[in-house]
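Each chain, letter by letter, is given below.
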Amino acid sequence: VTLSDRPRLGAGRLAELPAGVARPRYDRAALKTGIVHLGIGAFHRAHQAFYTEAVLNAGDLRWGISAASLRSADTAEALNPQDGLYTLAVRGECEALSVIGAVREVLVAPADPAALLKRLADPGVAVVTLTVTEKGYCHDPASGDLDESHPGIRRDLAQPERPETAIGFLAAGIAARRAAGAKPFTVLCCDNLPSNGRTVHRILSQFAALRSPDLGRFVAGEIACPSTMVDRIVPATTDADRAAISAALGLEDAWPVVTEPFTQWVIEDFTGARPAWENAGAELVADVAPFEKMKLRLLNGSHSAIAYLGSLMGVETVADAMAVDELAGFAAGLMDDAAATLDMPAATVAAYKASLLERFRNRALRHLTIQIAMDGSQKLPQRILGPLRERLAKDLPVDRHALVVAAWMRFLTGRDEAGRPLAVRDPLAAELTALADRAGADAERLVAALVGVRAIFGDDLPRDPRFRDAVTKALAALLAKGARASLADYASRS
Ligand code: CS2
């Protein structure tokens, strides 16, 4: 990143911001740290930090955020020189800019794990939020259990006082608080996992039990991991975004975040201390499951469909994909198919579907299909295979969901339909691309090779002839005539 010679955004320069730019209305010097966040990326900054900022603006200054990167130092290097300040650009019909002050510091866990452990042990911290992406939980996506053979988990078990993974840090923080007689924190997973709270509770308890049976029982019995449904589309920030936003501020912001107007946060209510996020629009409910299922299957499921089919066709962004009639029609059809597996009133689902199609058409965002295509092995189970299984159980056709699986398999061959390279970024990339290479461009062989990956497909799907036949047929069509022509067939069938 090359910065201009404008002065850098920072605590001492808030008064210089143009009048139209919102900024913290509270005294940042009086902020306390009440939240530790693991995995500070663009999503956290556009979502949980945005809700927390509203709580701080309302005058409750207990909830400043100490955020950590578990991998690279990039965010810390961009934000710490700005005193944690960054711009949130909300782009719809027009653009609204706010400078957010909720993040007090960004720690780099690999460089200084002790600093993060110290924050986790701080009795003033009541909530630990996480956005470490699906793969950050070191679990087996098909079963939802801890992956005990995961290299990070093995290292964290060997060296529990110097953890690397989010799970290792949580366990170490919990153990330290327990030893000091401090109240446990609440763990709030904000990633797109199925039953995310329950899943994290299971993984964390399993990990803790491997550290010691006593700690395992403590985590299982005493640590609350309420489920949440998080929703806001946040494309990766580009250099063009940086330049445009810094120019509008008149100050250099090394890492602003760009997002859409829509935002939603549904949280399973819990008894531990927490910010009054409901005053900022979050919904506190008794059961998140129906919301989460609807979101994962309608939004994320059709996102993945657009990502794989679109990138095969050379379509760069979600908004561009929505301009291709066959793709937009397929996304809507896939949502209808997924809707048959939900426990939500039909009118709610219909309104949600309409709002999604409109959000996907937002041309002010450039949400890249290749960004959404990453980590398919971690995403397909809850987005596509879950609803597919439920449709099989109800004897409903699974052609559309099978086409998404086939498009992902075709994607793994590493070339789009014009022969251009496609980057396969996935924790299982080496295994998946080797399997795809060995099978070659043959539908039967490719399906046979890939459905054998248990961590994705489990034991049941590879044995189900309805599943295999539907995927094989879809893949044969993709290979023979390409995505656009294949999609035309699905439209005529609905
Ligand atoms: C997307 C999500 O990258 C992806 O896999 O489907 O990040 C999506 O944009 C968010 O879940 C929206 O809330």
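Structure report, in brief. (Residues numbered from 1 in each chain as written. Predicted model: local features only at pLDDT ≥ 70, side-chain atom pairs only at ≥ 80, totals over all residues. Heavy atoms only, no water.)

Attention shifts here to the side chain of Arg-28. Along the chain, the position of Arg-28 falls in the segment before β1 (33-38). Buried within the structure, Arg-28 lacks any salt-bridge partner; its nearest side chain of opposite charge belongs to Asp-83, at an N-O separation of 5.5 Å. Among the polar contacts listed, one links the side chain of Arg-28 to the backbone oxygen of Val-103, at a separation of 3.0 Å. Those residues in contact with Arg-28 that sit more than four places away from it in its chain are Ala-11, Asp-83, Gly-84, Leu-85, Gly-101, Val-103 and Arg-104. (Helix = DSSP H or I, 4+ residues; strand = E, 2+ residues; numbered from the N terminus. Buried < 20%, exposed > 50% of the residue type's maximum accessible area, 1.4 Å probe, protein only. Lys, Arg positive; Asp, Glu negative; His and termini not counted. Salt bridge = Lys/Arg side-chain N within 4 Å of Asp/Glu carboxyl O. Polar contact = N/O pair within 3.5 Å; in protein donor to acceptor, adjacent residues only side chain to side chain. Contact = heavy atoms within 4.5 Å.)

Turning our attention to the layout of surface pockets. Which parts of space are left empty comes out when a probe the size of a water molecule is rolled across the atoms. Its volume calculated, the second largest pocket comes out at about 400 Å³. Surrounding the second largest pocket, 21 residues form its lining, Pro-194, Arg-297, Pro-381, Gln-382 and Gly-386 being those nearest its centre. Of all elements in the fold, only α7 (196-211), α10 (289-313) and α15 (376-393) reach the threshold of two or more residues within the lining of the second largest pocket. A per-class count over the lining of the second largest pocket returns 8 nonpolar, 8 polar and 5 charged. (1 Å grid on protein atoms, 1.4 Å probe; cavity = no way out; pocket = protein on both sides within 12 Å on 5 of 7 lines; lining within 4 Å. Points joined across faces, edges and corners; volume = space filled by probe spheres on them. Nonpolar A, V, L, I, M, F, W, Y, C, P; charged D, E, K, R; others polar.)

This part is about the sheet that holds strand β8 (residues 228-231). With mixed pairing, 3 strands are arranged side by side in an open sheet as β8-β10-β11. The open sheet has two free edges, formed respectively by β8 and β11 (283-285), since each of these has just one partner strand. With direction set aside, neighbouring strand axes in the sheet form an average angle of 15°. Pairing of strand β10 (residues 264-268) with β11 involves 3 bridges; the strand directions are parallel. Residue pairing in the sheet places Ile-267 in a bridge with Leu-284 of β11. (Pairing = 2+ DSSP bridges. Axes fitted to C-alpha atoms, helices over the stretch in contact; angles between N-to-C directions.)

Once that is clear, we can look at the packing of aromatic side chains. Inspection of every chain in the model, using the stated rule, returns 7 aromatic pairs. Ring centres of Tyr-308 and Phe-411 lie 5.2 Å apart, and the angle between their planes is 70°; this geometry places the pair in the edge-to-face category. On the criterion of sequence distance, the pair formed by Tyr-308 in helix α10 and Phe-411 in helix α16 (residues 399-411) is long-range, its members being 103 residues apart. Look at Tyr-308 and you get buried, because its relative accessible area is 1%. Classification of Phe-411 as buried rests on a relative accessible area of 2%. Joined through ring pairs, the aromatic side chains of Phe-50, Tyr-51, Trp-265 and Trp-277 make up one cluster. Looking at Arg-232, its charged tip hangs above the ring of Phe-50, at a distance of 4.6 Å from the centre. (Phe/Tyr/Trp six-rings, centres within 6.5 Å; stacked < 30°, edge-to-face > 60°. Lys NZ or Arg CZ within 6 Å of the ring centre and 35° of its normal.)

A word on the pairing of strand β6 (residues 127-130). Across the two faces of β6 the burial is the same, with Val-127 and Thr-129 and Val-128 and Leu-130 all buried. Judged from the 4 bridges that link them, β1 and β6 form a sheet pairing that is parallel. Residue pairing in the sheet places Ile-35 in a bridge with Val-127 of β6. Judged from the 4 bridges that link them, β6 and strand β7 (residues 186-189) form a sheet pairing that is parallel. The partner of Thr-129 across the bridge, within β7, is Leu-188.

The next thing to look at is the site of the ligand. As a matter of local geometry, the ligand sits amid 13 residues, with Asp-231, Lys-295, His-303, Lys-379 and Arg-383 nearest to it. Contacts to the ligand include Arg-232, whose backbone N or O atom sits 3.0 Å from an oxygen atom. Looking at the shell around the ligand, the elements that each hand over two or more residues are β8, α10 and α15. Its residues assigned to classes, the shell around the ligand comprises 4 nonpolar, 4 polar and 5 charged. (Near = heavy atom within 4 Å.)

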